[in-house]
Amino acid sequence: MNTKPLIEYFNQHLPLNEEEKSMVEKVFKERKVKRRQFILQEGDVCKLNTFVIEGCFKMYMVDANGKEHNLQFAIENWWIGDIGSFHTEQASKLYIEAIENSVILQISKEDQLKLFVDYPKFNRIFRVITENALVSTQRRVLQNISSTAEERYLDFMERYPHFFNRISNVQIASYLGVTPEFLSTIRKRLVKS
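Computed from a prediction, not measured in an experiment: that's the story for all the values here.

Cut-offs and rules
Residues numbered from 1 in each chain as written. Predicted model: local features only at pLDDT ≥ 70, side-chain atom pairs only at ≥ 80, totals over all residues. Heavy atoms only, no water. Helix = DSSP H or I, 4+ residues; strand = E, 2+ residues; numbered from the N terminus. Rg over C-alpha atoms; globule rule 2.2 N^0.38 Å. Buried < 20%, exposed > 50% of the residue type's maximum accessible area, 1.4 Å probe, protein only. Contact = heavy atoms within 4.5 Å. Areas by Shrake-Rupley, 256 points an atom, 1.4 Å probe, with all protein chains shown as cover. Lys, Arg positive; Asp, Glu negative; His and termini not counted. Charge placed at Lys NZ, Arg CZ, Asp CG, Glu CD. Salt bridge = Lys/Arg side-chain N within 4 Å of Asp/Glu carboxyl O. Phe/Tyr/Trp six-rings, centres within 6.5 Å; stacked < 30°, edge-to-face > 60°. Lys NZ or Arg CZ within 6 Å of the ring centre and 35° of its normal. Axes fitted to C-alpha atoms, helices over the stretch in contact; angles between N-to-C directions. Parallel < 35°, antiparallel > 145°, perpendicular 65-115°, else oblique. Nonpolar A, V, L, I, M, F, W, Y, C, P; charged D, E, K, R; others polar.

Draft legend 1. Structural context of the overall build of the chain. A tally of helices and strands in the chain yields eight helices and eight strands. At 18 Å, the chain has a C-alpha radius of gyration in line with the 16 Å of a compact globule built from 193 residues. Along the first, second and third principal axes, the C-alpha set of the chain runs to 55 × 35 × 30 Å. Residue burial in the chain is summarised as follows: out of 193 residues, 40% are buried. By sequence separation, contacts in the chain at least 24 residues apart represent 69% of the contacts at least 6 residues apart. Accessible area for the chain stands at about 11,200 Å²; split by element, carbon and sulfur atoms hold 52% of it. Once the 27 positive and 25 negative side-chain charges of the chain are each reduced to a mean point, those two points are 4 Å apart.

Okay, structure coming up:
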């Protein structure tokens with residue numbers, strides 16, 4: 001099992017000692033996921049927190065009309081999971097699907113809570129991760145209510161240039177809250193200017 005990327009990720013926040021590294025290897029489980037395979041589906045409880053070692057995922061909901069609404073993408077060294085379902089143990093309204101063949105490390109809620117109690121450094125690390133996710137979500141909500149579609153697209157391009165060869169324009173449009181046709185219009189207009 002390759003925990004090196006996860007240990008390096010944790011070390012960027014707070015350096016781990018040998019015992020803490022050993023615990024990471026004990027409580028995280030590696031899983032290989034094929035493209036289009038789900039690690040969470042609507043109606044299931046999200047029982048695992050997921051760190052991406054290799055690959056790409058999307059987290060989305062499907063509305064009453066069958067339309068997909070992308071909430072998050074995750075690539076190498078990113079976390080993905082339905083935090084609401086994970087913490088409340090309620091059924092999820094979301095799907096998490098692999099866009100590419102992927103390798104992930106997952107931890108159960110029980111093991112994560114034990115890690116927090118036995119090794120308080122992880123509690124601090126995960127608090128920072130959660131705070132960063134909240135800041136990002138808040139920024140996205142504000143952007144969605146105060147920016148034009150073109151401004152949201154330009155911001156997405158600037159913040160996430162590494163996604164453009166990995167996710168489709170349809171998925172980007174869904175994330176931005178526009179139709180694929182409207183996104184195409186925006187892109188053509190930007191090329192001309």
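Draft legend 2. Layout of the pattern of salt bridges. Under the defined criterion, the tally for this structure stands at 13 salt bridges. A salt bridge links Glu-8 to Lys-4; its shortest N-O distance comes to 3.7 Å. Of this pair, Glu-8 and Lys-4 both sit in helix H1 (residues 4-13), separated by four residues, roughly a single helical turn. Looking at Lys-4, the relative accessible area reads 55%, which means it is exposed. Here Lys-58 makes a salt bridge to Glu-68, at a shortest N to O gap of 2.9 Å.

Draft legend 3. Examining the packing of aromatic side chains more closely. Counted under the stated rule, the structure contains 24 aromatic pairs. When the ring of Phe-10 is compared with that of Phe-126, the centres are 5.8 Å apart and the planes differ by 55°; the resulting orientation is tilted. On the criterion of sequence distance, the pair formed by Phe-10 in helix H1 and Phe-126 in helix H5 (residues 120-146) is long-range, its members being 116 residues apart. In this structure Phe-10 comes out as buried when scored by relative accessible area, which is 0%. Aromatic pair Phe-116 and Phe-126: ring centres 5.4 Å apart, planes at 55°, arrangement tilted. Here Phe-116 is found in helix H4 (residues 109-118), whereas its partner Phe-126 is found in helix H5, with 10 residues between them in sequence. Here Phe-116 and Phe-126 have matching classes, each one buried. A cation over a ring is seen here: Lys-58 above Tyr-60, with NZ or CZ 4.8 Å from the ring centre. Just above the ring of Tyr-175 sits the side chain of Arg-140; from NZ or CZ to the centre is 3.7 Å.

Draft legend 4. Structural detail: unusual backbone geometry. A positive phi angle, close to 75°, is found at Arg-36, a residue other than glycine. Structurally, the position occupied by Arg-36 is in the loop between strand S1 (29-33) and strand S2 (38-40). Residue class for Arg-36 comes out exposed when judged on its relative accessible area of 57%.

Draft legend 5. A look at the packing of H5 against helix H6 (residues 149-159). Contact pair H5 / H6: the axes reach a minimum separation of 9 Å and the direction vectors enclose 150°. It follows that H5 is roughly antiparallel to H6 by the angle criterion. Residue-level contacts link Arg-139, Gln-143, Asn-144 and Ser-146 of H5 to Glu-151, Arg-152, Asp-155 and Arg-159 of H6. Considering only residue class, the contact of H5 with H6 consists of no nonpolar, three polar and five charged.

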